[in-house]
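If you want the building blocks of each chain, they are given just below.
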Amino acid sequence: MELPVGTSFEQSASRPTRRKFLQASAVAAGAMAGAARARSAETDTKKPADAPAAKAPRPDILFLMPDQMRGDCLSILNHPVVRTPTVDGLARRGGLFRRAYTTVASCIPARFGLLTGLFPQTSGVVGFRAKPITTPTMPQVLAAAGYATALVGREMHQIAGPEKLGYQQAIRGSTYVGNDDYAAELRQAAPQVKDIRQWVASIGANYNLWPATPWPLDDALHPTAWVASKARKLLAEAAPDKPLFLTASFYAPHPPLFPPKKYFEAYLGRDLPAPARGDWVDYASIKPPPGADGGHRVLLEGDTLRRAQAGYFGLIEHLDDQIAPLISEFIARSEKAGRSWLIVFSTDHGEMLGDHGYFRKCEPFEGSANIPFLLAGSKELGFAPGMRCDRPVCLEDLLPTLAELAGANCPAVDGVSLVPALRGQKQVIREQLHFEHAPCYSRDQAYHALTDGRHKYVWRPTDGRERLFDLQSDPREEHNLAADPAAAKLLETWRSRMVRRLAPRPEGFSDGKQLIPGRPYKPLMAGVRA
């Protein structure tokens, strides 16, 4: 939804922690007022950043990870209503990768790729199903390099718990788990919450769908506030003699859509944007709530849509508020210890939020597949402030990027280190990115997609339907070029690329000459190298 900026909200008078962070960011951002204009990583900056210090100490690393957050929901990208000044400040201090995608748009496989640096085609985790991780994970790689590793909040949704994934310390708060640390503290503070899942249902909220309502308890008990508070406490108590890798993993803006009341009501009072409506969609066939396929295919309109948007956008702004003091304290701690620092902000996948008659995830379209992806660092790391990259990147790129910055040994991965791009150097990251998802909500939902950051090609392996979009002229994917005779040559080019990409697959999607629809597509397979 890259639309002109709408009238901004009045800033709350009681945000001292956010203001402190933004004032600090403004100092670094003042000299780069024009540097945040979009520019490709191959020609990224007007001049490269200063070279990093020859013996810069290994940076402390803070990984801020919301769940199910759309890539367009940042005010720095001119979203018409969402305000994210804290995250915007990170983008101005470092690099924003606008064409970042999740390679499998649901939590289990996306986080598998994040942890291992392996594409789904390599690992075999191509749908909503888990399998044991047998290669080094991101926290294991950093722990081996001497880092203290900790996770606060939502777990990584794998077969193994956080400790076996390489987190030496874990404070669990996944919002939907009845026996983790957050649930226990919530029961103690609010005795009416005997079972968190039953309680969420009793207030009219839902763990996967659009019902939205204000958070009815003290704001300090909200899961987003709890994760931020626990992360700040861990940060204050962590031994200063070792570099720290801290993952603050939030459940928001994943449903339940229950932001604190002031955020919910503020967005309900705004002129909210209409969902994207592609000319390739048969809207007459889409049912209103409860919709079909577990609510995945649904036509949201009127007050139902407005409340869902207000809940979702409110959760994002609330999260942005909560991470401001965490960021400020993290930077101060690193500076006091004489270490450089690195902050990463990304998510596992997005949310369709009514676009094209879809809700939830597991789709190749921008709402579901495109994700926020930002890295900011202290001056010792040599990042080019305000760098903007429009080449395709993915979660698998984080492991090699962090390993290089931390001086750690990186295992064999599919991801690419983004350090050259972050430092303003010319870097061809990859020519194209492949992402996919096996059937989850329905057989028709399965997809394979390719993008180079400019165009996106989508192939539905169930029946062979094709979509082709120009993301530059049509960022909301409302016009399908696959149906345009004038784009026939372009379509054939992208179809041929997909034929080659899928040729090694055991499912038989391609014989090397053509795409073959109707083949079996299971969420787990042996894994192959392209």
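Summarised in this report is the structure supplied together with it. (Residues numbered from 1 in each chain as written. Predicted model: local features only at pLDDT ≥ 70, side-chain atom pairs only at ≥ 80, totals over all residues. Heavy atoms only, no water.)

### Some thoughts on the pattern of salt bridges
- Counted under the stated rule, the structure contains 28 salt bridges.
- Arg111 is the partner of Asp348 in a salt bridge, and the nearest nitrogen-oxygen pair spans 3.1 Å. Highlighted residues: Asp348 in the loop between strand S7 (341-346) and helix H11 (366-369) and Arg111 in helix H3 (residues 107-116), separated in sequence by 237 residues.
- Note on Asp348: relative accessible area 0%, which makes it buried.
- Overall, the relative accessible area of 0% leaves Arg111 in the buried class.
- For Lys456, the salt bridge identified is with Glu477, shortest N-O distance 2.6 Å. One end of the pair, Lys456, is in strand S13 (residues 455-459); the other, Glu477, is in the loop between strand S14 (466-470) and helix H14 (488-502), and 21 residues separate them in sequence. We note that Lys456, like Glu477, is buried. (Salt bridge = Lys/Arg side-chain N within 4 Å of Asp/Glu carboxyl O. Helix = DSSP H or I, 4+ residues; strand = E, 2+ residues; numbered from the N terminus. Buried < 20%, exposed > 50% of the residue type's maximum accessible area, 1.4 Å probe, protein only.)

### Remarks on H3
- In terms of burial, H3 is a largely internal element, 10 of the 10 residues being buried.
- Of the residues making up H3, those classed as buried are Cys107, Ile108, Pro109, Ala110, Arg111, Phe112, Gly113, Leu114, Leu115 and Thr116.
- Packed against the buried residues of H3 are strand S1 (60-67), helix H4 (120-123), helix H5 (138-144), strand S6 (244-253) and helix H12 (398-406).
- Once H3 ends, the next one or two residues include Gly117, with phi positive near 75 degrees. (Contact = heavy atoms within 4.5 Å.)

### Description of the sheet that holds strand S12 (residues 447-451)
- One open sheet holds the four strands; their spatial order is S11-S12-S13-S14, and the pairing between them is antiparallel. The open sheet is flanked by strand S11 (433-437) and S14, the only strands paired with a single partner. Ignoring strand direction, the axes of neighbouring strands in this sheet form an average angle of 15 degrees.
- Two elements, S11 and S12, share five bridges in a ladder whose sense is antiparallel. Looking at the pairing, Phe435 lines up with Ala449 of S12. (Pairing = 2+ DSSP bridges. Axes fitted to C-alpha atoms, helices over the stretch in contact; angles between N-to-C directions.)

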